[in-house]
Amino acid sequence: MTITEIIILAFIFLELSNVVMLYFAPGSKKANAIGVFASWEKSKQNPEIHEFVKYLVYWVAGSKLIFICLLIGIIIFGEREIQQFSLIALAVATLTFYWRLFPLIRKMDMRGEISPKNYSMILGIMIFVFIIAFLIGVIV
């Protein structure tokens, strides 16, 4: 097994744990589920809003599941070049977190709407480490 395959498999495991939590325990604070957001509990006060939020959560989980299945196919059937390209694609796509998502979660964190405090920084660092790992997998 190559370092590229190990990195892809680690990402698959991480994302699969998130998908399981989003489908079966979305309010959890584990595996990057959305229980860290105070808005999750607030949305329950308005059933219409809560149904919409749940729809978006399940949509994200379904989208992640598509990418997980594609990555599994790339691990099983893809040549090294395809695996490396998939890591480049993952790095570029994951970088978009810092464009739209990070500013939002950071703002919510600073207003005390995220628990635990400074979760946005921990998430930002974790995502940065994965981007670096993706790029290492391309060049090694």
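It should be emphasised that the depicted structure is a prediction, and the values quoted were computed from it without experimental measurement. (Residues numbered from 1 in each chain as written. Predicted model: local features only at pLDDT ≥ 70, side-chain atom pairs only at ≥ 80, totals over all residues. Heavy atoms only, no water.)

## Overview of helix 1 (residues 3–24)
Thought 1: Between its terminal C-alpha atoms helix 1 stretches 32 Å, which fits the 32 Å expected from 22 residues at 1.5 Å a residue.
Thought 2: Inspection of helix 1 places T4, E5, I7, I8, F11, I12, E15, N18, V19, M21 and L22 among the buried residues, and these make up the whole buried set.
Thought 3: Looking at the buried positions of helix 1, the neighbouring elements they touch are helix 3 (47–77), helix 4 (80–95) and helix 6 (119–139). (Helix = DSSP H or I, 4+ residues; strand = E, 2+ residues; numbered from the N terminus. Expected span 1.5 Å × (residues − 1). Buried < 20%, exposed > 50% of the residue type's maximum accessible area, 1.4 Å probe, protein only. Contact = heavy atoms within 4.5 Å.)

## What to know about the packing of aromatic side chains
Thought 1: Under the counting rule described, the total for this entry stands at eight aromatic pairs.
Thought 2: Seen in terms of ring centroids, Y23 and Y58 are 6.1 Å apart; in terms of plane orientation they differ by 25 degrees. Their pairing is stacked. In this pair, Y23 sits in helix 1 while Y58 sits in helix 3, placing the two residues 35 residues apart along the sequence.
Thought 3: Its relative accessible area of 32% is what places Y23 among the partly exposed residues.
Thought 4: Members of the aromatic cluster, each reached through a chain of ring pairs, are F11, F130 and F134.
Thought 5: Here the guanidinium or amino end of R100 rests over the ring plane of W99, the centre of that ring lying 4.3 Å away. (Phe/Tyr/Trp six-rings, centres within 6.5 Å; stacked < 30°, edge-to-face > 60°. Lys NZ or Arg CZ within 6 Å of the ring centre and 35° of its normal.)

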